[in-house]
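Topology and contacts: notes
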Amino acid sequence: MLESGAVPFCHYENPHFHSGAAPRWIDERLLRGIVRFAEENAVAATFLFGRHRLPAKLARLLDSVSHTKIVPLDMCEIHPDAIPVLFSEDAALFGALKPNPARNLILRLARSDLSRCAELFDALVGKFGRLSVHLFGIEECDDDDLARYADELEKISKTLKKLYAAGQKIEVNVLTDRMMLKRMRNCDAGAKHVTVAPDGKLYVCPAFLYDGESAIGAFDGKIGFAVKPPSTVVFSRAPICTRCDAWHCKRCVWLNRKLTLEYNIPSQQQCLIAHIEREASRRLLKELGQTEPFLRMPRIAELNYRDPMELVEMQMPELLHSAADDPML
Amino acid sequence: MKKTPSRKPTQKPKGAASRAVGRVTPKERDEIQALFERKNGLTELVQMLQQNGGLDNNAALYEKVVADLGRTSVRSQAWWSEKAKAYGWKVVAGGHWTINFETCEIRLDGKAYRHEIQSAQAD
């Protein structure tokens, strides 16, 4: 994170991004250490930008290492090679984005805009090669929201079919990722990557910083990342997720922690959303089945459950019985 | 001495000068929403006690509710001061901040509100 107001690009919020206050920049020496560490250890670096133009001395440091930039919409003119983050509530500004069929885009879709998902997608067609939709406000989603989301994915699927028929090759994470995966591919925050805050402290991901969670370590110029993430962030220690085949699911450990108080246990909302996406992917793939390259992709099985927790209940009813018999419950 | 703007978590009236100055996290929104609802509930309780002429019979309860109302107001003011400082929200003389509980957005309602604020404070 280059500044305190780094753009929130996923399920979390960063109030500093929306503030008009002057940013707190990352220390130059700290950034130099991170850049050097990334170079020497061939670590893939991603830099999160805010709304402010990066001071020249920091910008020069970034130039010395291969990296990915994630920027807010109003900074994508300055950084044309970056991944812009669009907020669904700023849809009126999407017109400013120039066509670019090779660009990666992130659309942060607020729960209140769920019913506009397909409309927003239509407005962005031609401006991306890959669109990553991240829902914001999952924790408050109810059955109506989920039904709305399923309807919107259906509409986007219809548009995608037409675009594929016209020869376009675009990806939408919530619809096409599952088709191309053969195993779980989650966010893996804390297990495969960590976030360095502008003050050098390390977090599982930026969401943990803004939610007031403790740091999991600190970056040290001499020893690199002195980090000790919670052991339960790894996939192998997620008892529900290891039974699930919604392989595209973010498996967001921050939402897990926030909604169930456990890093490795997802909330019902997360599972239902992932399975709505999985089902939409299954139906789309079935309809695209006879065309290349979808012809070569393995079919996605139809499921008789919407939440892997139901699968656990089906496979291990004795667990529930024993729980019901527990005199303490 | 710099005057702290008053805070009212209300909807913005039409035609008033208002601008977005920031946002809070849903967790922070929950904190102020809980205080706002508590304050409303306590205010209603005080009114009920006053209207029903129950003050004579419920003097101890009345004192407790009023004391709680005071504590809740102080906590609410402290929340706004703390967040405004942390996130550097803009301030104007005579203005006040409002929060949209749905979107977590903070708005600064400016001079167009001066008369209304004074009326509200007089209440």
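Along each chain, numbering runs from 1 in the same order as the chain's sequence is written. In the order they appear in the text, chains get letters beginning with A and ligands get numbers beginning with 1. In view of the model being predicted, local features appear only for residues whose pLDDT reaches at least 70, and side-chain atom pairs are presented and counted only at 80 or more, with totals across whole chains, interfaces and linings using the full set of residues. Hydrogens and waters are ignored; side-chain quantities use all the structure's heavy atoms.

**Looking at the overall build of chain B**
Along its length, chain B carries 3 helices and 4 strands. Secondary structure elements are defined from DSSP: runs of H or I of at least 4 residues count as helices, runs of E of at least 2 residues count as strands, and each element is numbered from the N terminus. From first element to last, N terminus to C terminus, chain B shows the α and β order β-β-α-α-β-β-α. The contact rule is simple, with two residues in contact once any of their heavy atoms fall within 4.5 Å. The contacts of chain B with a sequence gap of at least 6 include a subset with a gap of at least 24, amounting to 66%. The Shrake-Rupley method, run with a 1.4 Å probe sphere, supplies the accessible areas, and residue values consider only the shown protein chains as cover. Surface accessibility of chain B: about 7600 Å² in total, with carbon and sulfur atoms responsible for 52%.

**Remarks on the overall build of chain A**
Scanning chain A from terminus to terminus reveals 10 helices and 10 strands. Within these notes, the globule rule equals 2.2 Å times the number of residues to the 0.38 power, and the radius of gyration is based on C-alpha atoms. In terms of overall size, chain A behaves like a compact globule, its C-alpha atoms giving a radius of gyration of 21 Å where 329 residues would be expected to give roughly 20 Å. Overall, chain A is about 60 × 60 × 35 Å in size when its C-alpha atoms are taken along their principal axes. Long-range contacts, defined here as pairs at least 24 residues apart, represent 62% of the contacts in chain A between residues at least 6 apart. Here chain A holds 43 positive side-chain charges and 44 negative ones, and the gap between their average locations is 6 Å. Positive charge is attributed to Lys and Arg, negative charge to Asp and Glu, and no charge count is given to His or to the chain ends. Lys charges are placed at NZ, Arg charges at CZ, Asp charges at CG and Glu charges at CD.

**Quick notes on the nonpolar core**
We define a nonpolar core as any set of buried Ala, Val, Leu, Ile, Met, Phe, Trp, Tyr and Cys residues linked to one another through side-chain atoms lying within 4.5 Å. For every residue, the accessible area (1.4 Å probe, protein chains only) is compared with the maximum for its type, and the residue is labelled buried under 20%, exposed over 50%, or partly exposed between those bounds. Leu31(A), Phe47(A), Phe121(A), Leu124(A), Leu160(A) and Leu175(A) are the most contacted members of the largest nonpolar core, which totals 92 residues. Not counting the four nearest positions on each side in its chain, Leu124(A) is found in contact with Leu86(A), Phe94(A), Leu97(A), Leu105(A), Leu107(A) and Leu131(A). Val24(B), Trp89(B), Trp97(B) and Leu108(B) belong to the second largest nonpolar core, which has 15 residues in total.

**Focus on the interface of chain A and chain B**
When the parts come together, some accessible area is lost, and that loss is often what is quoted as the size of the interface. On the side of chain B, 13 residues touch chain A, which itself brings 14 residues to the contact. We define buried area as the total accessible area lost by two parts upon association, computed with a 1.4 Å probe and summed across both. Surface buried jointly by chain A and chain B totals about 1200 Å² across both partners, of which 49% is contributed by carbon and sulfur atoms. Three residues, Glu13(A), Pro15(A) and His18(A), lead the burial of chain A against chain B; their summed loss comes to 34% of the area buried on that side. For this analysis, a salt bridge means a side-chain nitrogen from Lys or Arg found within 4 Å of a carboxyl oxygen belonging to Asp or Glu. For the pair chain A and chain B, the number of links is 4 salt bridges. Here Arg29(B) ties to Glu140(A) by a salt bridge, and the two come within 2.5 Å at their closest N and O atoms. Throughout, the ten residues Ala, Val, Leu, Ile, Met, Phe, Trp, Tyr, Cys and Pro are labelled nonpolar, Asp, Glu, Lys and Arg are labelled charged, and all others, Gly among them, are labelled polar. Counted by class, the side of chain A that touches chain B contains 3 nonpolar, 4 polar and 7 charged residues.

**Focus on the sheet that holds strand β9 (residues 217-220) of chain A**
Residues and elements named next belong to chain A. When DSSP finds two or more bridges between two strands, those strands count as paired. Pairing within the open sheet is antiparallel, and its 4 strands lie in the order β7-β8-β9-β10. Whereas interior strands pair on both sides, the edge strands pair on one side only; in this sheet they are β7 (195-196) and β10 (224-227). Sheet topology note: the strand β8 (residues 201-203)/β9 ladder contains 2 bridges and is antiparallel. When the sheet's bridge partners are listed, Lys-201 is paired in β9 with Ala-218. Across the sheet, helix α1 (residues 28-41) touches β7, β9 and β10, and the angle it forms with β9 is around 85 degrees. Axes here mean lines fitted to C-alpha atoms, for a helix over just the part in contact, with angles spanning 0 to 180 degrees between N-to-C directions.

**Focus: helix α2 (residues 56-63) of chain A**
Residue and element names in this part refer to chain A. Taken residue by residue, α2 has Leu-58, Leu-61 and Leu-62 as its buried positions. Relative to the axis of α2, the buried residues are bounded by an arc of 100 degrees and lie together on one face. In α2, the exposed positions that point more than 90 degrees away from the buried face belong to Arg-60 and Asp-63. Where the residues of α2 are buried, they touch α1, β1 (45-48) and β2 (67-72). The arc in question is formed by the directions pointing from the helix axis toward the C-beta atoms.

**What to know about the environment of Cys187(A)**
Residue and element names in this part refer to chain A. Here Cys-187 lies in the loop between α5 (173-180) and β7. Each C-alpha atom, one on Cys-187 and one on His-248, is 9.2 Å from the other, the two residues being 61 residues apart in sequence. Setting aside its immediate chain neighbours within four residues, Cys-187 contacts His-193 and Lys-250.

**Some remarks on the pattern of salt bridges**
Residue and element names in this part refer to chain A. A complete count under the given rule lists 34 salt bridges over all chains for this structure. For Lys-258, the salt bridge is made with Glu-139, and the minimal N-O distance between the two is 2.8 Å. Of this pair, Lys-258 sits in helix α7 (residues 253-260) while Glu-139 sits in the loop between β5 (130-136) and α4 (143-165), and the two are 119 residues apart along the sequence. Residue classification places Lys-258 among the partly exposed positions, given a relative accessible area of 25%.

**Re the packing of aromatic side chains**
For any two aromatic rings, the description comes down to two numbers: the centre-to-centre distance and the angle of the planes. All names here are of chain A. The rule is short: rings of Phe, Tyr and Trp, with Trp giving its six-membered ring, pair when the centres are within 6.5 Å, and they are stacked under 30 degrees, edge-to-face over 60, tilted in between. Summed over the entire model, instances satisfying the criterion amount to 15 aromatic pairs over all chains. Summarising the aromatic geometry, the rings of Phe-37 and Phe-219 are spaced 6.0 Å apart at their centres and angled 85 degrees between planes, so their arrangement reads as edge-to-face. Taken together, the residues Phe-37 in helix α1 and Phe-219 in strand β9 connect sequence positions 182 residues apart. On the basis of relative accessible area, Phe-219 is assigned to the buried category, the value being 10%.

**Description of the sheet that holds β1(A)**
Across a sheet, strands are paired by hydrogen bonds formed along the backbone, either parallel or antiparallel in direction. The strand order across the open sheet built from 6 strands is β1-β2-β3-β4-β5-β6 (chain A), with neighbouring strands paired in parallel fashion. In the strand order of this sheet, the two ends are held by β1 and β6 (171-172) of chain A, each with one partner.

**Notes on the confidence of the model for chain A**
Per-residue confidence from the prediction method is given by pLDDT, with values spanning 0 to 100. For chain A, mean pLDDT is 91; residues scoring 70 or higher make up 96% of the total. Confidence, expressed as mean pLDDT per element, reaches its minimum in chain A at helix α10 (residues 317-325) of chain A with 60 and its maximum at β6(A) with 98.

**Here's the deal with the pairing of strand β4 (residues 105-109) of chain B**
Residues and elements named next belong to chain B. As defined by bridge partners, strand β2 (residues 18-23) adjoins β4 across 5 bridges and the pair is classed as antiparallel. Its bridge partner being in β4, Arg-23 is matched across the sheet by Glu-105. As defined by bridge partners, strand β3 (residues 96-100) adjoins β4 across 5 bridges and the pair is classed as antiparallel. In the strand pairing of β4, Trp-97 is matched with Leu-108. Joining the antiparallel neighbours β3 and β4 is a turn of 4 residues, in which Cys-104 adopts a positive phi near 70 degrees.

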